[in-house]
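Residues per chain are reported as follows:
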Amino acid sequence: MTGSRVLALGHYQPSRVLTNADLAELVDTDDAWIRSRVGIRTRHIAAADETVDSMAAAAAAKALATSGLAPQDIDLVLVATCTAADRSPNAAARVAARLGLGAPATMDINVVCSGFTHALATADHAIRAGSARHALVIGAEKFTDVVDWTDRSTCVLVGDGAGAAVVTASEEPEPGIGPVLWGSVPQMGNAVRIGGEPVRFSQEGQTVYRWATTQLPAIARQVCERSGILPEDLAGVVLHQANLRIIEPVAERIGAVNAVVAKDVVDSGNTSAASVPLALAKLVERGEIPSGAPVLLFAFGGNLSYAGQVIRCP
């Protein structure tokens, strides 16, 4: 049995940027109101012809180019998303076709905001079991397709984009991807919803906020324990980029006093399953976390699900 590691990362965001001032022309809001409640300044909005799979493929292509692997080397593609417009072919199959991959297994994973960390764990498990050797793990969302632009409580939150990781088998004695800790609170699953006709995103914001700020720090510390890492030894913390008012207190309560804490939500908004890989890829691209250093990835949200692991920075 082998372990696995993240070999390379990539990200993609649409070129159109929507500012808080732009939103103030659509709904009754302003920059001060938005920043005081969620900490967001801007978000990226996909064009009509930009799809979940096209953004996923763009991010994956960057990760693949950085990895040094050939397209034919990839034998597993996992796309975490809850906003793909089509059921079949799934987004992963479309990505494989766009990138000219050989004959990989292709699966979409819908755990909403914690989809990427669930998918990363799934790829790690597949590699450890010998079912795959090189995987593309992608989080991609076009959340602006399902938002109500007349609802100021939700339309100020969301953005579009994708982040991707190339995950490969590793024989190193120290695991590159630590054990996952995942779970959910089924009785509270309706606190975040995407459904109806037309399909729209809605949530019980205060319920999610209280749950995240009170329950998640202890769970995140358990993730570190499973990996044999003390919180103070973390070099980075990448939480789901939902709300700056959640990220900052949760990171503080974890006790990662020496870590760089990702705050990409300020510029990208909440990109659901894309938020963790998008934020991580940017930190690595800017050189803010050294190669080989331990980084906590921890996501939470829809279904009131959560999943996290400690990885070694590529």
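A brief report on the enclosed structure follows. Since the model is a prediction, treat every value here as computed from it, not as a measurement.

## Overview of the sheet that holds strand β5 (residues 105-109)
Strand pairing in a sheet relies on backbone hydrogen bonds. The paired strands run either parallel or antiparallel.
Alright, step 1. Ordered by their spatial adjacency, five strands build an open sheet running β1-β7-β6-β4-β5, and the pairing between neighbours is mixed. Each edge of the open sheet is held by one strand with a lone partner, namely β1 (3-12) and β5. Taking each pair of neighbouring strands and ignoring which way they run, the sheet shows an average axis angle of 20°.
Alright, step 2. Both strand β4 (residues 76-80) and strand β6 (residues 134-142) contribute to a ladder of five bridges, which runs parallel. The partner of L78 across the bridge, within β6, is V137.
Alright, step 3. Sheet strands in contact with helix α10 (residues 275-285) are β1, β6 and β7 (160-170), and its direction is about 90° off that of β1.

## Topic: unusual backbone geometry
Alright, step 1. Here S88 and P89 are connected by a cis peptide whose omega angle stands at -5°.
Alright, step 2. Within the fold, P89 resides in the loop between β4 and α4 (91-99).
Alright, step 3. Note that the residue after E197, namely P198, is joined by a cis bond; omega there is 0°.
Alright, step 4. Inspection of the secondary structure puts P198 in the loop between β9 (192-195) and β10 (200-203).

## A short note on the packing of aromatic side chains
Alright, step 1. This model, assessed by the stated rule, comprises two aromatic pairs.
Alright, step 2. Arranged with centres 5.1 Å apart and planes meeting at 75°, the rings of F143 and F201 form a pair that is edge-to-face. With F143 in the loop between β6 and α6 (152-155) and F201 in strand β10, this pair connects stretches of sequence that are 58 residues apart.
Alright, step 3. Assessed through its relative accessible area of 6%, F201 is described here as buried.
Alright, step 4. Looking at R152, its charged tip hangs above the ring of W33, at a distance of 4.2 Å from the centre.
Alright, step 5. Sitting above the plane of the Y209 ring, R245 keeps its charged end 4.9 Å from the centroid.

## A word on the sheet that holds strand β8 (residues 181-184)
Alright, step 1. Spatially, five strands are ordered β8-β14-β13-β11-β12 in an open sheet, and the strand pairing comes out mixed. Since the sheet does not close on itself, it has two edges, and those belong to β8 and β12 (260-261), each with one partner.
Alright, step 2. Where strand β11 (residues 236-239) lies against β12, two bridges are found, and the strand directions are parallel. The residue of β12 that forms the bridge with G236 is V260.
Alright, step 3. Packing against the sheet, helix α5 (residues 115-128) makes contact with β8, β13 (294-301) and β14 (305-312), and its axis sits at approximately 55° to β14.
Alright, step 4. Across the face of the sheet, helix α7 (residues 205-227) comes into contact with β8, β13 and β14 while running at roughly 145° to β13.

## Some remarks on the side chain of Q241
Alright, step 1. Relative to the helices and strands, Q241 resides in the loop between β11 and α8 (244-254).
Alright, step 2. Here Q241 falls in the buried class, since its relative accessible area comes to 1%.
Alright, step 3. Within polar-contact distance, the side chain of Q241 engages the backbone nitrogen of D264 at 2.8 Å.
Alright, step 4. For Q241, the side chain forms a polar contact with the main-chain nitrogen of V265, separated by 2.9 Å.
Alright, step 5. Residue contacts for Q241: discarding those within four places in its chain leaves I247, A262, K263, D264, V265, G269, N270, S275 and A279.

## Section: the nonpolar core
Alright, step 1. Of all hydrophobic cores here, the largest spans 51 residues; its most connected members are L234, L239, L296, F298 and F300.
Alright, step 2. Every element with two or more residues in this core is listed here: α2 (31-37), α7, β11, α8, α9 (265-268), β13 and β14.
Alright, step 3. Here the element with the most residues in this core is α7; it accounts for eight residues.
Alright, step 4. Apart from residues lying up to four places away in sequence, L296 is in contact with A220, V223, C224, L234, G236, V237, V238, I254, Q309 and V310.

## Concerning the packing of helix α3 (residues 52-67) against α4
Alright, step 1. Where α3 contacts α4, the two axes come as close as 9 Å, and the packing angle between them is 55°. Comparing the axis directions of α3 and α4 gives the class oblique. Here α3 runs over α4; the crossing is right-handed. Between α3, through V52, D53, S54, A56, A57, A60 and A61, and α4, the contact on the second element is made entirely by A91, R94, V95, R98 and L99.

Each value, and the rule that gives it
- Residues numbered from 1 in each chain as written.
- Predicted model: local features only at pLDDT ≥ 70, side-chain atom pairs only at ≥ 80, totals over all residues.
- Heavy atoms only, no water.
- Pairing = 2+ DSSP bridges.
- Helix = DSSP H or I, 4+ residues; strand = E, 2+ residues; numbered from the N terminus.
- Axes fitted to C-alpha atoms, helices over the stretch in contact; angles between N-to-C directions.
- Contact = heavy atoms within 4.5 Å.
- Phe/Tyr/Trp six-rings, centres within 6.5 Å; stacked < 30°, edge-to-face > 60°.
- Buried < 20%, exposed > 50% of the residue type's maximum accessible area, 1.4 Å probe, protein only.
- Lys NZ or Arg CZ within 6 Å of the ring centre and 35° of its normal.
- Polar contact = N/O pair within 3.5 Å; in protein donor to acceptor, adjacent residues only side chain to side chain.
- Core = buried A, V, L, I, M, F, W, Y, C linked by side-chain atoms within 4.5 Å.
- Parallel < 35°, antiparallel > 145°, perpendicular 65-115°, else oblique.
- Left-handed = near helix turned anticlockwise from the far one by under 90°.

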